[in-house]
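# Fold and contact review
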Amino acid sequence: MRFRMNRIAWIADIEKAFLNIALQPEDAEAVRFLWPKEPKNPDSDFIAYKWKRVPFGLSSSPFLLRVTINKHLLSVKPRFQKTVEQIEEQLYVDDYLGGADIVPTAITTVEETVTLFSEAQLNMRSWATNNKELRDFLTEKEMSNQIVGILSPTIDGQHKALGLRWDTSSDSFKFDPTSIMEAAVEIGEKITKRKILSISARIFDPIGDIGWDDDATPEVKNTWSSIMKGLKDLHNLEIPRWIGYSKPSIVSAEIHVFGDASEAAYGAVAYARLQLENGTPYTILLASKTRVAPLPKKKVTLPRLELLSSLLAIRLGEKIRTSLHTESWKTIYWTDSLVTLGWIRGDPYRWRPFVRNQVETIRKFSNAEWWRHCPGLENPADLASRGAPAHALVDSKLWWHGPAWLTEEESEWPNSPENHSTETQEKIEEEETRKTATVSFAAIETAQPIEWHLEKISTWTKLLFRTA
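Small disclaimer: the values here were computed from a predicted structure and weren't measured. Each chain carries its own residue numbering, running from 1 in the direction its sequence is written. Restriction of local features to residues with pLDDT of at least 70 applies here, the model being predicted, together with a cutoff of 80 or more for giving and counting side-chain atom pairs; totals for whole chains, interfaces and linings are based on all residues. Only hydrogens and water are removed before side-chain values are computed, so all heavy atoms of the structure are retained for them.

### Looking at the overall build of the protein chain
To keep things clear, this is the line we draw: The secondary structure listing takes helices from DSSP runs of H or I that are at least 4 residues long and strands from runs of E that are at least 2 residues long, numbered from the N terminus. For every residue, the accessible area obtained with a 1.4 Å probe (protein chains only) is divided by the maximum for its type, and the residue is called buried under 20%, exposed over 50%, and partly exposed between those limits. We call two residues in contact whenever any of their non-hydrogen atoms come within 4.5 Å of each other. The accessible surface values rely on the Shrake-Rupley method and a 1.4 Å probe; as for residues, cover is taken only from the protein chains in view.
Along the protein chain, the regular secondary structure elements total 16 helices and 15 strands. For the protein chain, the proportion of its 468 residues judged to be buried stands at 41%. Put simply, 68% of the contacts in the protein chain that link residues at least 6 apart link residues at least 24 apart. Carbon together with sulfur atoms contributes 54% to the accessible area of the protein chain, which is approximately 28,300 Å² in total.

As structure tokens, this is what we get:
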């Protein structure tokens, strides 16, 4: 998300990052491997080798790379403070995603990045940017269009930024479903669960008793075919990288997070509402999250699912506020459930444990006044909880920009009702803890005196044995 905050953006990666870190001789003993003396001879003897550098693929490799880089960044921070602070936040393993609002700052940051990494014998390469002046600078310094490592080769001016295809010419994120569509065609008419899993990798079978080569049910086949046919519409999808935020020109900045739930899933979606000086407020999608509803054996009522969507909204909002350092921005949360709103605004200790626990977490990160009610048909999170065909998602203004009234003055926003209907009030009170009175009775009986006969017991041990 930080990658979307600056007008000018760039990406780069560290060449052969892992192999640039040497191992101590005693640590190299733990990364031995066998290799045939004569690879072409199947009966060849083996020889044991050991790595002198950190190999790619070990579970500890990313940690070793990061701790090494952090140590170096700490040593150069006094000289390159602002650049180091950005790298600390926006370096992901060996991929660097940087940004600035003006060209001179961008050029300075890039130059300092190259310098500080070169001091550690690390080469930053594969530079790409959306800004022509910065691109010309990179070309002049022979840093542009170098051999690409983890980042995919450019395709029609497109690069990959942490898995997302970034079109630097239009400065937007795009999605190319071609490979998925081709794989779907290759599986033919016999659609099995194994083939679906091989493409989607989203089916989870913890028990292991699913017949993967059995034909999928007609319902699953129809759903799968519909999804695959709709993927072609994603070619038209363009998501602006820059959200339009620039400190000098913004007079008002807010975060609005919507939550909603259905019996199948629940979700949350967040928007930035920005207003330029002497301009009309505009909104743009920041991020969204979805969760599958609990299994039927743990059937959760719809009001409780709505409460879980509000909890997800809080977590998404807090993630955005801390990641983008926008704690000072006004944050408003929206739900179309009056029952959920009643629980959040009430005393958490009134409710049963499930509702109380969720409300306590929600109230920990937000005030009751931050929560408002919006009409169900104008809740963009409804698309997250119920799903939508690809063509409907691409063309949905509600999804990409939120409800239309969000760009109007606050006085035009929906009002949260103060009084609830009888039915709503009853649903709210269903989760109320019932107070019960406990009455205890005690029967008192006069104890009979015990005859100890101490004159017949000579030791303490014998007394214990006799009276135990």
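### A closer look at the sheet that holds strand β1 (residues 8-14)
Using the following cut-off: Only strands joined by at least two bridges in the DSSP assignment are considered to pair. For helices, the fitted line uses only the C-alpha atoms of the stretch in contact; every axis is such a line through C-alpha atoms, and the angle between N-to-C directions lies from 0 to 180 degrees.
The sheet built from 4 strands is open, its strands ordered β4-β5-β1-β6 with antiparallel pairing. With partners counted over all chains shown, the strands left at the sheet margins are β4 (91-92) and β6 (124-129), one partner each. Alignment of β1 against strand β5 (residues 95-100), held across 6 bridges, turns out to be antiparallel. Across the sheet, residue alanine 12 finds its bridge partner in β5, namely tyrosine 96. Contacts between helix α5 (residues 132-140) and the sheet are confined to β1 and β6, with β6 contributing the most and set at about 150 degrees to the helix.

### Notes on the packing of aromatic side chains
Counted only if it meets this: Note on ring pairs: Phe, Tyr and Trp rings are taken, using the six-membered ring of Trp, and paired if centres are within 6.5 Å. Classes follow the plane angle, with under 30 degrees stacked, over 60 edge-to-face and the rest tilted.
Taken as a whole and assessed by the stated rule, the structure comprises 13 aromatic pairs. Relative to tryptophan 127, the ring of tyrosine 96 has its centre 6.4 Å away and its plane inclined at 90 degrees; by these criteria the two rings are edge-to-face. Residue tyrosine 96 is found in strand β5, and its partner tryptophan 127 is found in strand β6; the two are separated by 31 residues along the sequence. Pair check on accessibility: tyrosine 96 and tryptophan 127 agree, each one buried. Taking the centre distance of 6.0 Å and the plane angle of 80 degrees together, the rings of phenylalanine 258 and tyrosine 271 count as edge-to-face. A residue pair is termed long-range when its members are at least 10 positions apart, and phenylalanine 258 in strand β11 (residues 250-261) and tyrosine 271 in strand β12 (residues 265-276) qualify at 13 residues. Across the pair, tyrosine 271 and phenylalanine 258 agree in class, each one buried. Within the aromatic cluster, the residues linked to one another by ring pairs are Phe258, Tyr271, Trp334, Trp405 and Trp413.

### A word on the sheet that holds β12
The 5 strands lie next to each other as β13-β12-β11-β14-β15, forming an open sheet whose pairing is mixed. Unpaired on one side and paired on the other, β13 (282-292) and β15 (371-373) mark the two borders of the sheet. Neighbour-to-neighbour, the strand axes of the sheet open up by a mean angle of 25 degrees, direction not taken into account. Pairing of strand β14 (residues 330-335) with β15 involves 3 bridges; the strand directions are parallel. If you follow tyrosine 333 over to β15, its bridge partner there is tryptophan 371.

### Some remarks on the pairing of β5
In terms of residue burial, β5 counts as a mostly covered element, since 6 of its 6 residues are buried. The alternating pattern of β5 places Asp95, Leu97 and Gly99 and Tyr96, Gly98 and Ala100 on opposite faces, both of which are buried. Bridging between β4 and β5 involves 2 bridges; their strand directions are antiparallel. Residue pairing for β5: leucine 91 is matched across the bridge by tyrosine 96.

### Re a nonpolar patch on the surface
Selection criterion: Patch members must show over 30% relative accessible area and no salt bridge, and they are joined within 9 Å when carrying like charges or within 5 Å when they are nonpolar side chains of Val, Leu, Ile, Met, Phe, Trp or Tyr. Salt bridge, as applied in this entry: a Lys or Arg side-chain nitrogen positioned within 4 Å of an Asp or Glu carboxyl oxygen.
The grouping of Leu19, Phe33, Trp35, Ile47, Tyr49 and Trp51 at the surface amounts to a nonpolar patch, some 560 Å² of accessible area in total. When contributions to the nonpolar patch are tallied by element, the ones reaching two or more residues are β2 (32-36) and β3 (46-50). Its location among the elements puts tyrosine 49 in strand β3.

### So, the environment of glutamate 429
Tracing the backbone shows glutamate 429 in helix α15 (residues 422-429). Residues glutamate 429 and glycine 342, 87 residues apart in the sequence, show an inter-C-alpha distance of 9.2 Å.

### Things to note about the pattern of salt bridges
As enumerated under the stated definition, the model contains 15 salt bridges in all. In this structure, the salt-bridge partner of glutamate 88 is lysine 77, at a minimum N-O distance of 3.5 Å. With glutamate 88 in helix α3 (residues 81-90) and lysine 77 in the loop between α2 (61-76) and α3, this residue pair connects regions lying 11 residues apart in the sequence. For arginine 372, the salt bridge is made with glutamate 410, and the minimal N-O distance between the two is 2.5 Å. One end of the pair, arginine 372, is in strand β15; the other, glutamate 410, is in the loop between α14 (397-401) and α15, with 38 residues separating them in the sequence. You can call glutamate 410 partly exposed: its relative accessible area is 34%. It is possible to trace a salt-bridge network through shared partners that takes in Glu29, Arg32 and Lys50.

Any functional reading would require information beyond the geometric quantities listed.
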